[in-house]
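One letter stands for each residue in the lines below.
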Number of protein chains: 6
Amino acid sequence: MTGTTLRELWDRGEDTLGGWCVIPSGFGAEMMGRCGFDWVCVDTQHGLIGYDQMAAMLQALSVTGTPALVRVPWNGPDHIMKALDAGAQGVIVPMVNTAEDARRAVGAAKYPPLGTRSWGPIRASLDVPGYSAELANGRTVVAAMIETPDGVRNLDEILSVPGVDAVYIGPSDLALGHGMTPTLNVTEPEHERLIKAILDGCKKHGVVAGIHCDRYETVRRWRDLGFQMFAMASDAALMRGAATAAIQEFRQGRPQRTAPQGGGGYA
Amino acid sequence: MTGTTLRELWDRGEDTLGGWCVIPSGFGAEMMGRCGFDWVCVDTQHGLIGYDQMAAMLQALSVTGTPALVRVPWNGPDHIMKALDAGAQGVIVPMVNTAEDARRAVGAAKYPPLGTRSWGPIRASLDVPGYSAELANGRTVVAAMIETPDGVRNLDEILSVPGVDAVYIGPSDLALGHGMTPTLNVTEPEHERLIKAILDGCKKHGVVAGIHCDRYETVRRWRDLGFQMFAMASDAALMRGAATAAIQEFRQGRPQRTAPQGGGGYA
Amino acid sequence: MTGTTLRELWDRGEDTLGGWCVIPSGFGAEMMGRCGFDWVCVDTQHGLIGYDQMAAMLQALSVTGTPALVRVPWNGPDHIMKALDAGAQGVIVPMVNTAEDARRAVGAAKYPPLGTRSWGPIRASLDVPGYSAELANGRTVVAAMIETPDGVRNLDEILSVPGVDAVYIGPSDLALGHGMTPTLNVTEPEHERLIKAILDGCKKHGVVAGIHCDRYETVRRWRDLGFQMFAMASDAALMRGAATAAIQEFRQGRPQRTAPQGGGGYA
Amino acid sequence: MTGTTLRELWDRGEDTLGGWCVIPSGFGAEMMGRCGFDWVCVDTQHGLIGYDQMAAMLQALSVTGTPALVRVPWNGPDHIMKALDAGAQGVIVPMVNTAEDARRAVGAAKYPPLGTRSWGPIRASLDVPGYSAELANGRTVVAAMIETPDGVRNLDEILSVPGVDAVYIGPSDLALGHGMTPTLNVTEPEHERLIKAILDGCKKHGVVAGIHCDRYETVRRWRDLGFQMFAMASDAALMRGAATAAIQEFRQGRPQRTAPQGGGGYA
Amino acid sequence: MTGTTLRELWDRGEDTLGGWCVIPSGFGAEMMGRCGFDWVCVDTQHGLIGYDQMAAMLQALSVTGTPALVRVPWNGPDHIMKALDAGAQGVIVPMVNTAEDARRAVGAAKYPPLGTRSWGPIRASLDVPGYSAELANGRTVVAAMIETPDGVRNLDEILSVPGVDAVYIGPSDLALGHGMTPTLNVTEPEHERLIKAILDGCKKHGVVAGIHCDRYETVRRWRDLGFQMFAMASDAALMRGAATAAIQEFRQGRPQRTAPQGGGGYA
Amino acid sequence: MTGTTLRELWDRGEDTLGGWCVIPSGFGAEMMGRCGFDWVCVDTQHGLIGYDQMAAMLQALSVTGTPALVRVPWNGPDHIMKALDAGAQGVIVPMVNTAEDARRAVGAAKYPPLGTRSWGPIRASLDVPGYSAELANGRTVVAAMIETPDGVRNLDEILSVPGVDAVYIGPSDLALGHGMTPTLNVTEPEHERLIKAILDGCKKHGVVAGIHCDRYETVRRWRDLGFQMFAMASDAALMRGAATAAIQEFRQGRPQRTAPQGGGGYA
């Protein structure tokens, strides 16, 4: 199913909320894709997802028309090209630390002359009328993760690499690499300072700024500053959070405002 | 990992809340098993789950020590025996309409002399010291679904069949079969009357009464009447409910009390 | 993706050509679904396809909007209900030999009051606005295979069972059961006579007549007589036929008119 | 099943036609392997195939005795060694652009002293009596893809690397990298010139020349020039081509010479 | 790969030893198939194996040419026909208790006129030149398990059913159903008496007698009496037995005669 | 299930015997995990195991509490991080030839400040109370394979890299790279000399010395010299060794001392 691409949403200046899949399941991905997110990311870095499941999940997301991204396990052309061929609209690439890293990521994601992506859009071309190298390059999104001291240090050069559509900040790795405790709930001033510095770089270079979040308040905080790309919770976290609330209700014998209402499956 | 069995929980008179899996994923099942439910059911009737995934999910639930049940697709010895051999502590058997149906279910679930289950506890015996036919018969749970007009009509005979540990009411089918709209949220007096009649039968025969629910209020309603076995929401429903709340927050720009707090995955 | 249902196509009086999947692959099914068939059948009887692959294939067919049928391995409520819950628009049921067999098939495929299908449309309801028991009963197709001497003998009674939408003739089994060699290429007069008798029964009862074919000439032959539902070749047969033609070209050093033109994949 | 190896076929000077698998299915691969191709390639670069499916497909191809190749996703020792250990007779390595790339590919594919392949022929040794490092090095085929401007530029050096058995041209990437539209149907003079230049290099260095094709005419064209290794269509392309022809027949009401004859599966 | 069928081995009067697979893995099955057993059984009753894995395992066994049997989970036409279509040479059918049960099993396994097997030998026909209903009926083996009091009682009638090639005794179920402890190591006189009675019945009716064993001594004991079909240990039992011996050696610091010699894998 | 870690076993000075999995199966891994090994390695280098199966196997090993290692296919951060995230306690890294290689392996396996492992312990943290970067770094094991001439040459530098917990010698590759025949049964003086040199280096640097073995005698030989980490046979080798012994017994008509006693599965 063809719809508006993520690149088009960003070009319109829209803020976008993503779903985040770590459970290896085509059906799970379809469920996430039907919720109404602006995009859904199949996380093959920290999710429990390998290639075969990723491919099934991208197929499942096609049913729903939601733009699908893949976070690749590492900045390698094999990972990036296979994700895009299988139908992802873009890739989130971990640990982009240098301009060379950024060029490597873009190179794998874009066809010549912008890059060196090999021609073989086995599922990528299926719902894209007039699919061509040029058209594909225009709609394929590369989000570079800036999440290490090197990445911060080389921010300006990284953001100068043509073809970097977005930066996606991993707050946990950013903290850990700078000697802080990994967390999505940013409280340390230094942690916040790093995030803002990256945001400033993005604004300067006209690159979409994205960040991984843990709850609505965090999303709002960064959105107010100008971020445009957010993920709020993984499928597993949503499920566990809601299940835990339900169990608490049951154990304590009184309803929780945070527990889910309705939708009990079938019996 | 061995722990308290579901049969033991019921013998202690405890009310039990179950998790309900419809997503075919070993990792998803492990996540559900780690939430703290009293039992988790792998739903191979209406869940999108076949045998191979069911087996992986039962293995995953073993990691967590949570008693695992399987709702079989139908009252057949193949389905029941394979689920139990693979490590389920019990089965939920749909559409038990007659005493003969009940005998058929119990027959498949219990070894001689109680039934005709074939000997081959390939995973069932793994964490059960001194596993024997007798011991297995004592800890294996059969929950018969009473959910049709025939089932209600033959209630007394069904409940008289030795080896029926519990009744699990499917409110939707019960409604549909009696000419009402399928729902877990019981509002029609006739619907409620049917449920209470089944409950009364259970009490009379000393059989645990269970029912599929859609939210805490529903659980509480039935629990107050004496039900002991509840499922509140499937993995997919929990996930979708929480995701929907999160998206609403984002779209409306203000927090929802029902949205999950914390737990954003990793980045 | 929602589109015109198969039931609607038939109601309009259209002749319908189906694709036939025997290769267990979600991607293969998506490819078949994108070819332009009126419907695609996932053959879990003689195809090498079990439940888990069937579910993935139904998901894949959803991407394409092509109505999906499942040929179940046998006339059992477990097979029929699980196929429909997973998103099939209908079932092709093998070896319907008696009115009782037909009632059994319809009973599993239709919700009360028409049948006893259990409520749990986990994927079936996803793209059907206002999904209800009544709506589902109206769009769910049951095609009974008449393919044995008993089936022919009881034709009239079988076709009188409410809820039988179509008959799907298996010419091979029909031949084999009547002492002839199994074939889709009907040359024996007695074989033809049996097929025409079934067709006459369908016309009399207003039931759609379908038949499994092996090539265009066979389709045309039956279509001219009034059949409305045809499958012409399985995915594996199409692939092998085209590959064999290609290899002949290569070995003989000259083009075959029957070999495929264009479409060489990617390199 | 042991048979003549691809290396032996080439040593005899035979032209070889390959089947090309992009559908992730062991059964699909077995079907392709039974068609009579000289070799079958499991395409894990642009095919929708990951490791687990590749391994099943190599096992399936063993049933048929057809030499199996794997196109690896990228020139990495992990991809190459795992494909060979799982039973591939050789690898097709994308984007070999420099002599260093070629040495890297050969290094991963050959045991010492020719390379640094790690010893662990878990399936590779199964049907090879007297399997040894030396014997394996002799029968394992490395086909380097020359398909970029750099590759063309460094052709002579690449072909001088010992252990490069064949070149496999990817016409689409070759075109794209040189500023032309990607196609297997070579019409641009510059495109043809590049291909001929590569062929000349192969002849000079005694390396087998191979090329990806889209139809018989293309195969013949290159075969007449001295190419020895061809793939003509993928499993998916063969299936879709034949299905499309069948549908056209049905829609237009008259037979197509290009449609498959016979082989309708079973019913 | 085609070889001597199991039916032919029995017709020659040979005693046959089978491998027994309970681990769901195509590679595991191939390993078992390469050991030199006369047949290998894929146990889908008590093994942890569902349809999709069974199909992959039958494909894997084809590589080795070893006749493959499937123990079906239950005496149902779906299970039997799908196993045979996928390439099994025969089925072992649990709990055949009556002549009607036997006719049901044979009916599903044999084409008309002997039975009602549906025509669709998708893999069954692949390596059988001139495959036809008659030829298939001659080479397809049905082994009925006599393992219950009813089965013993109706022995003579069961063995009179045409098409029952063999009886396969399940000593554990036989013991359990007669009030004894389930075991393959037959020590109780009554247990032995039952087994001998079944053997006598087989001899009288010219049916091959088979029995499940736990060690060589047990095999020899029954072989001396005239049994012709034995399985000695499952893949999992072989693996665990050998691993346990290896661990004992290590813990005790001295070699065990029962521990495996050589074959340490690769490193 | 949490238990003693492998790091703790080594810190206590214990010799440790590992199980070695090459069969891709969660159930197979669970069986190996239940045998009593000190650790079990999922071999994704030479085993027939890809990511999806590896993840299922690590989950299965969690049931048993046995420390799980993964041999990665190659020294890449994608392979190492994904194995650890999925729950492995450590990695065995092939072909560590230089100090740079060792730093690369340690860098991927350890969080900052020791390395650059990305934060996302999706299963790694599940049974580790108080999981933190520091705690994880302390319990995660890196075993570098020294198995090439370069590795031997750079031994001292490699062992000086902080974070290398163990060396795991691959005798076959070590032999092959030095011009000898690959074998685990070390008879050539030069082969032995190399192994002893590596052992001496380990002792000097306080690094655990491990080696892949083929039988008890080999284990004892190296254990007497001071090695602490051994694998003796893979799941497939154990199974095949025991099966072969069983078949020999049957063919020769007399028991073998090396054949397994008892444990015949179920029937």
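To start, this report covers the structure provided alongside it. Computed from a predicted model, the values in this text were never measured in an experiment.

1. Focus: the overall build of chain A
1) Next: Tallying secondary structure elements over chain A gives 12 helices and 8 strands in all.
2) Next: At 19 Å, chain A has a C-alpha radius of gyration in line with the 18 Å of a compact globule built from 267 residues.
3) Next: For chain A, the spread of C-alpha atoms along the three principal axes comes to 65 × 45 × 30 Å.
4) Next: Within chain A, the proportion of its 267 residues that are buried is 67%.
5) Next: Within chain A, residue pairs in contact and separated by at least 24 positions form 58% of the contacts whose partners lie at least 6 positions apart.

2. Looking at the relation of the copies chain D and chain E
1) Next: Mapping chain D onto chain E is achieved by rotating through 180 degrees and translating by 0.0 Å along the same axis, at an RMSD of 0.0 Å. Taken together, the rotation and translation relating the two chain copies correspond to the operation of a two-fold axis. When C-alpha positions in chain D are compared against the rotation axis, the closest is assigned to valine 63 of chain D, at 2.2 Å.
2) Next: The overlap is high: 100% of the interface residues of chain D also sit at the interface in chain E, so the same surface is used on both sides.

3. Quick notes on the pairing of strand 5 (residues 141-146) of chain D
Residues and elements named next belong to chain D.
1) Next: Counting buried positions along strand 5 gives 6 out of 6 residues, so the element sits mostly inside the fold.
2) Next: Residues Val141, Ala143 and Met145 of strand 5 are buried on one face, and the alternating residues Val142, Ala144 and Ile146, pointing to the opposite face, are buried as well.
3) Next: With 4 bridges connecting them, strand 4 (residues 90-93) and strand 5 associate as parallel partners. Bridged to valine 93 within strand 5 is alanine 144.
4) Next: Of the pairings in the sheet, the one linking strand 5 to strand 6 (residues 166-169) comprises 4 bridges and is parallel in character. Following the sheet pairing, alanine 144 is matched in strand 6 by valine 167.

4. Remarks on the relation of the copies chain B and chain A
1) Next: The two copies are related by a screw operation: chain B maps onto chain A through 180 degrees of rotation and 0.0 Å of translation along the axis, at an RMSD of 0.0 Å.
2) Next: Counting the interface residues of chain B, we find that 100% of their copies in chain A are interface residues as well, pointing to one common contact surface.

5. Quick look at the interface of chain B and chain A
1) Next: Every contact between the two is made by 56 residues of chain B and, on the other side, 56 residues of chain A.
2) Next: Contributions of two or more residues to the side of chain B that touches chain A are made by strand 1 (16-21), helix 2 (26-33), helix 9 (171-177), helix 11 (216-225), strand 8 (229-234) and helix 12 (235-252) of chain B.
3) Next: When residues in the side of chain B that touches chain A are grouped by element, the largest group, 14 residues, is from helix 12 of chain B.
4) Next: A breakdown of the residues in the side of chain B that touches chain A according to their chemical character gives 32 nonpolar, 17 polar and 7 charged.

6. Observations concerning helix 11 (residues 216-225) of chain E
1) Next: Buried within helix 11 of chain E are the following residues: Tyr216, Thr218, Val219 and Trp222 of chain E. Projected down its long axis, helix 11 of chain E shows its buried positions confined to an angular sector of 155 degrees, all on one face. Opposite the buried face of helix 11 of chain E, at more than 90 degrees from it, the exposed residues are Glu217 and Asp224 of chain E.
2) Next: Those residues of helix 11 of chain E that are buried lie in contact with strand 7 (208-212) and strand 8 (229-234) of chain E together with helix 12 (235-252) of chain F.
3) Next: Residue glycine 226 of chain E follows helix 11 of chain E closely and has a positive phi angle near 120 degrees.

7. Some details on the sheet that holds strand 6 (residues 166-169) of chain C
Residues and elements named next belong to chain C.
1) Next: In spatial order, the strands read 1-2-3-4-5-6-7-8; together these 8 strands close into a barrel with parallel pairing. Across the sheet, the axes of successive neighbouring strands diverge by a mean angle of 25 degrees, strand direction being ignored.
2) Next: Both strand 7 (residues 208-212) and strand 8 (residues 229-234) contribute to a ladder of 3 bridges, which runs parallel. In the strand pairing of strand 8, glycine 210 is matched with methionine 229.

8. Remarks on the interface of chain D and chain E
As a measure of interface size, the accessible area lost when the parts come together is often cited.
1) Next: In this assembly, 14 residues from chain D lie in contact with 14 residues from chain E.
2) Next: Elements represented by at least two residues in the side of chain D that touches chain E include exactly helix 2 (26-33) and helix 3 (51-64) of chain D.
3) Next: For the side of chain D that touches chain E, the leading source of residues is helix 3 of chain D, giving 5 residues.
4) Next: The class makeup of the residues in the side of chain D that touches chain E is 8 nonpolar, 4 polar and 2 charged.

Definitions and limits used
Residues numbered from 1 in each chain as written. Chains lettered and ligands numbered in written order. Predicted model: local features only at pLDDT ≥ 70, side-chain atom pairs only at ≥ 80, totals over all residues. Helix = DSSP H or I, 4+ residues; strand = E, 2+ residues; numbered from the N terminus. Rg over C-alpha atoms; globule rule 2.2 N^0.38 Å. Buried ≥ 20, exposed ≤ 12 C-beta atoms within 10 Å, placed from the backbone. Contact = placed C-beta atoms within 7 Å. Least-squares fit on C-alpha atoms with pLDDT ≥ 70 in both. Pairing = 2+ DSSP bridges. Nonpolar A, V, L, I, M, F, W, Y, C, P; charged D, E, K, R; others polar. Arc of directions from axis to C-beta. Axes fitted to C-alpha atoms, helices over the stretch in contact; angles between N-to-C directions.

Such coordinate-based values are descriptive only and should not be taken to indicate function.
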